[in-house]
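An overview of the molecular structure
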Amino acid sequence: MGEGKGYGKVILFGEHFVVHNVPSIVSAMAKATTAIVERFEGSSWTLDDRRPATPGYKEDKIGQQRDSIERVLRAAGFDASKTPIKITLGGDLTAASGVGASAASCVAIARALSDEFSLGFSDQRVNEIAYEGEKAYHGTPSGVDNTAATYGGLIWFVRGKPLEQIPIKKPVEVIIGNTGRVANTEAAVAGVRERKQKDPQNYDKLFKEAEELANIAKRALVAYELRAVGKLMDTNHLLLQSIEVSSKELDFLVNLARENGAFGAKMTGGGLGGNMVALTPGKDLQDKVARAIRDAGFDVVLTQIG
Ligand code: MEV
């Protein structure tokens, strides 16, 4: 029996823009998906998905998930028709849109495969394999999610470049609020591409702003200026609204978090549903904002970045 694990992630700055080579800042979450790979009497691979999930998520993603597992196995050079396997997914990361659930599972499966068949995959190899698996979910992934899922930590990520860990004095509390709406990242990414092509002048300006924002945010994080980081997250949310990837529920949760004292809040990940993140330094503020979101009838995860 082989085991593997991949972290969930929260993008603090630059989702969507990162697909077009703008820098992004992503943090792994202290929640992960686990995979077990076992040899199996059968004709190919089979899956037992025991992850906790947003209602409807697994059903909605089943086609992409099957495609993704095929891609992961192919990229790993593994032929399940010759060596049938059973894959069991679990862990404490709720499978939902925006938290890197797909990348976490790709990483976990690649690692479990390596463990069971002594393939000796390095982190770099695991990351490459997971990137191939991500294509089934994102179409043209930037690689930010699989990188966070593989390496963990707080990461400065630019597409096609080696990752850079951002040093931060100590971890900061955040809450992640779930709209409960399952979203399609591939469609969200394709929509941005289409609108960017139709309105290049406006979009070029927004993409420049996103790049400047990521650079300023990196400095603010290193300096541990959390009020400034929060304000920059608010600005990032505005940019994401401008490129039309937010939603009514996301905007509602972002406003609710701010009204309850969050230093800043924004949608996170692909958008059009899925999750938002609020910066809530200290246990008390984290609990307060989490309670407000729960009282409004939404699921919330309390975690830390960095
Ligand atoms: C999804 O978590 C992040 C996106 O930027 C897509 C990607 O980077 O592949 C929307």
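As shown above, the structure is provided for reference.
Residues numbered from 1 in each chain as written. Predicted model: local features only at pLDDT ≥ 70, side-chain atom pairs only at ≥ 80, totals over all residues. Heavy atoms only, no water.

Notes on the sheet that holds strand E7 (residues 172-178)
Within the open sheet, the four strands sit side by side as E8-E9-E7-E10. Their pairing is antiparallel. This sheet does not close on itself; its edge strands, each paired only once, are strand E8 (264-268) and strand E10 (299-305). Here the strands of the sheet are splayed against their neighbours by 25° on average, with no regard to which way each runs. Relative to E10, E7 runs antiparallel, the two sharing seven bridges. The partner of Ile176 across the bridge, within E10, is Val301. (Pairing = 2+ DSSP bridges. Helix = DSSP H or I, 4+ residues; strand = E, 2+ residues; numbered from the N terminus. Axes fitted to C-alpha atoms, helices over the stretch in contact; angles between N-to-C directions.)

Comments concerning unusual backbone geometry
One non-glycine residue, Ser118, lies in positive phi territory at about 45°. Topologically, Ser118 is positioned in the loop between helix H2 (101-116) and helix H3 (123-138). Judged by relative accessible area, which is 66%, Ser118 ranks as exposed. The backbone of Tyr224 shows a phi angle near 60°, a positive value even though the residue is not glycine. Among the secondary structure elements, Tyr224 is positioned in the loop between helix H6 (200-222) and helix H7 (226-242). (Buried < 20%, exposed > 50% of the residue type's maximum accessible area, 1.4 Å probe, protein only.)

Looking at the packing of aromatic side chains
If you walk through the whole model with that rule in mind, you get four aromatic pairs. Considering the side-chain rings of Phe78 and Phe117, the 4.8 Å spacing of their centres and the 45° angle between planes classify their relative orientation as tilted. Note that Phe78 is positioned in the loop between helix H1 (57-75) and strand E4 (85-91) and Phe117 in the loop between H2 and H3, a separation of 39 residues in sequence. Neither Phe78 nor Phe117 differs from the other in exposure class; each is buried. Taken together, the ring pairs connect Phe17, Tyr203 and Phe207 into an aromatic cluster. Its end group placed over the ring of Phe207, Lys196 keeps NZ or CZ at 4.9 Å from the ring centre. Across from the ring centre of Trp156, 4.4 Å away, lies the NZ or CZ of Lys218, which sits over that ring. (Phe/Tyr/Trp six-rings, centres within 6.5 Å; stacked < 30°, edge-to-face > 60°. Lys NZ or Arg CZ within 6 Å of the ring centre and 35° of its normal.)

What to know about the pairing of strand E2 (residues 24-39)
Inspection of the sheet shows strand E1 (residues 2-13) paired to E2 by 10 bridges, in the antiparallel sense. Counterpart to Gly6 in the pairing with E2 is Thr33. Pairing of E2 with strand E5 (residues 154-157) involves four bridges; the strand directions are antiparallel. Bridged to Ile25 within E5 is Trp156. Here E2 pairs with E4 via seven bridges, running antiparallel. Note that in E4 the partner of Ala35 across the bridge is Leu89.

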